[in-house]
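# Per-entry structural report
Here's the letter readout for the chains.
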Amino acid sequence: MKKLYLGCLAAVALGACGDSYEEPLLLDGPQQVGFHSDLGACRSLAEQHVDKTLKSSTVQGAVIGGIIGAVDSEDGDRADDAWIGAALGGGIGALDGQNERDKQRRTILIRCMQGRGHRVLA
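To keep things clear, this report deals only with the structure shown in the data block. From a predicted model like this one, the values you see are computed outputs, not experimental measurements.

## Observations concerning the overall build of the protein
A tally of regular secondary structure across the protein gives four helices and zero strands. Residue burial in the protein is summarised as follows: out of 122 residues, 30% are buried. Taking the intrachain contacts of the protein between residues at least 6 apart in sequence as the baseline, contacts between residues at least 24 apart amount to 78%. In the structure as shown, the protein presents an accessible area of about 7,700 Å², 61% of it carried by carbon and sulfur atoms.

Quick look at the structure:
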C-alpha cells in the first residue's frame, strides 16, 4: 500500500504543474486596440465551457484506485485499503480532469482571440 501512496503523491505533484488557461497569452507583435475587452469576453466564453471530463476522470480514478487498494492490501483489511485507494484515485482523477478542462479552455481562449483579429500564438 505504501507504493500506492507514493505513486499518488507523485501524480498529485505532477498534476499541480499543469498549464493553466490563466497564463498570459503569447502575442506576435503589440497588443491591438480592444485587446483587453476582447480578452475579457473570450475568457468569459472559455469559462462557460463545461465538459464532463472532470466528473468522468474523478469516477475513473476512484474505481481504479479502489481496485488497486484492494489488490495491493498487505494487512488483510481490503475494504479499508479499497476506500483509501478510491479516495486517492478520485483526487488524482479530479486533478487530471481539471488539467484537461484547463487545456480545452485555453484552446477556446486562443481561438476566440484569433477570431477577433488578435495575433495570438499561444
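## Focus: the state of the cysteines
Scanning the entire structure with this criterion turns up one disulfide. Between the sulfur atoms of cysteine 42 and its disulfide mate cysteine 112 the distance is 2.1 Å. In this structure, the disulfide formed by cysteine 42 and cysteine 112 twists by about -70° around the S-S bond and is classed as left-handed. Remark: cysteine 112 occurs in helix α4 (residues 78-115) and cysteine 42 occurs in helix α2 (residues 35-47); sequence separation between them is 70 residues. Per residue, the accessibility class of cysteine 42 equals that of cysteine 112, and both read buried.

## What about the pattern of salt bridges?
Using the criterion set out here, one finds three salt bridges in the structure. Measuring nitrogen to oxygen at the nearest pair gives 2.8 Å for the salt bridge that ties aspartate 28 to arginine 119. Of this pair, aspartate 28 sits in the loop between α1 (2-15) and α2 while arginine 119 sits in the segment after α4, and the two are 91 residues apart along the sequence. We classify aspartate 28 as partly exposed; its relative accessible area is 35%. In this structure, arginine 116 and aspartate 38 form a salt bridge, with 3.3 Å as the shortest nitrogen-oxygen distance. Placement of the pair is arginine 116 in the segment after α4 and aspartate 38 in helix α2, with a sequence separation of 78 residues. Using a relative accessible area of 42% as the deciding quantity, one classes arginine 116 as partly exposed.

## So, α2
An ideal rise of 1.5 Å per residue puts 18 Å on 13 residues; α2 measures up with 18 Å between its terminal C-alpha atoms. Of all the positions in α2, only Phe35, Asp38, Leu39, Cys42, Arg43 and Ala46 are classed as buried. One side of α2 carries all its buried residues, which in axial view fall inside an arc of 135°. For α2, the elements touching its buried residues are α4.

## Digging into the nonpolar core
One finds Tyr21, Leu25, Phe35, Leu39, Cys42, Ala46, Leu109, Ile110, Cys112, Met113 and Val120 forming the largest nonpolar core, which totals eleven residues. Those elements that provide at least two residues to this core are α2 and α4.

Reading the values: rules and limits
Residues numbered from 1 in each chain as written. Predicted model: local features only at pLDDT ≥ 70, side-chain atom pairs only at ≥ 80, totals over all residues. Heavy atoms only, no water. Helix = DSSP H or I, 4+ residues; strand = E, 2+ residues; numbered from the N terminus. Buried < 20%, exposed > 50% of the residue type's maximum accessible area, 1.4 Å probe, protein only. Contact = heavy atoms within 4.5 Å. Areas by Shrake-Rupley, 256 points an atom, 1.4 Å probe, with all protein chains shown as cover. Disulfide = S-S within 2.5 Å. Salt bridge = Lys/Arg side-chain N within 4 Å of Asp/Glu carboxyl O. Expected span 1.5 Å × (residues − 1). Arc of directions from axis to C-beta. Core = buried A, V, L, I, M, F, W, Y, C linked by side-chain atoms within 4.5 Å.

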